[in-house]
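# Breakdown of the fold
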Amino acid sequence: NAGVTQTPKFQVLKTGQSMTLQCAQDMNHEYMSWYRQDPGMGLRLIHYSVGAGITDQGEVPNGYNVSRSTTEDFPLRLLSAAPSQTSVYFCASSWTANYGYTFGSGTRLTVV
Amino acid sequence: GQQVMQIPQYQHVQEGEDFTTYCNSSTTLSNIQWYKQRPGGHPVFLIQLVKSGEVKKQKRLTFQFGEAKKNSSLHITATQTTDVGTYFCAGRTGTASKLTFGTGTRLQVTL
């Protein structure tokens with residue numbers, strides 16, 4: 001099993017550019033989430049999904065869009081990148097709310 | 001919204017000393033999970049606690065869930081250099097689907 005795969009691992013964007021961070025899992029997990037991690041601020045929830053076709057906002061959703069057309073994939077779209085979006089982004093998945101999350105290895109994004 | 005705080009933010013111990021991190025939620029939690037993140041790595045799930053007053057052990061690690069289900073702790077006995085990393089608690093409220101992470105405690109262990 002590959003687990004949770006995130007691509008790319010590193011990305012540099014210019015302010016105003018858009019891009020999609022990819023996340024795929026092969027464990028047939030229903031729950032998937034996107035978190036961003038900034039120094040001293042822990043992990044903050046951006047968006048999450050409890051199954052294909054169902055998404056909802058987390059604590060910091062502004063500037064990001066998600067969709068969940070399949071169980072396996074949960075891409076995160078940055079609409080117009082800003083320097084404040086410089087961060088490490090983690091995708092995670094789990095069977096249900098009663099199971100621990102499996103995290104991907106992260107995408108380190110820098111917006112200049 | 002729900003807030004989950006951890007103390008201390010950082011602790012530096014000598015190998016062999018004990019370590020404890022505390023997690024406090026502003027609301028009652030339905031369950032609490034603990035994760036460990038090594039430097040440069042991603043969070044790795046350690047354990048989940050569900051019941052009020054629950055205590056679970058994993059080798060040198062002891063996890064507790066408070067009676068009111070608003071706080072939790074992780075205690076490491078006789079730390080080793082392999083324990084270095086940041087420890088996060090994460091909780092859910094009611095039937096909420098989203099998992100809120102605490103601010104984390106960074107543990108440094110030196111010989």
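Residues numbered from 1 in each chain as written. Chains lettered and ligands numbered in written order. Predicted model: local features only at pLDDT ≥ 70, side-chain atom pairs only at ≥ 80, totals over all residues. Heavy atoms only, no water.

## Here we look at the overall build of chain B
Of the regular secondary structure elements, chain B holds zero helices and eleven strands. The order of α-helices and β-strands along chain B, N terminus first, is β-β-β-β-β-β-β-β-β-β-β. Taking 2.2 N^0.38 as the reference for a compact globule, 111 residues should give roughly 13 Å; the C-alpha atoms of chain B span a radius of gyration of 13 Å, in line with that estimate. For the C-alpha atoms alone, the extent of chain B along its principal axes is close to 45 × 25 × 20 Å. In chain B, buried positions account for 48% of the 111 residues. (Helix = DSSP H or I, 4+ residues; strand = E, 2+ residues; numbered from the N terminus. Rg over C-alpha atoms; globule rule 2.2 N^0.38 Å. Buried < 20%, exposed > 50% of the residue type's maximum accessible area, 1.4 Å probe, protein only.)

## Some words on the sheet that holds strand E1 (residues 4-7) of chain A
Residue and element names in this part refer to chain A. Read across the sheet, four strands follow the order E1-E3-E8-E7 without closing on themselves; strand pairing throughout is antiparallel. Where the open sheet ends on each side, the last strands, each with one partner, are E1 and strand E7 (64-66). Strand after strand, the sheet turns through a mean of 20 degrees between neighbouring axes, direction not considered. Sheet topology places E1 next to strand E3 (residues 19-25); four bridges connect them, and they run antiparallel. The residue of E3 that forms the bridge with Val-4 is Gln-25. (Pairing = 2+ DSSP bridges. Axes fitted to C-alpha atoms, helices over the stretch in contact; angles between N-to-C directions.)

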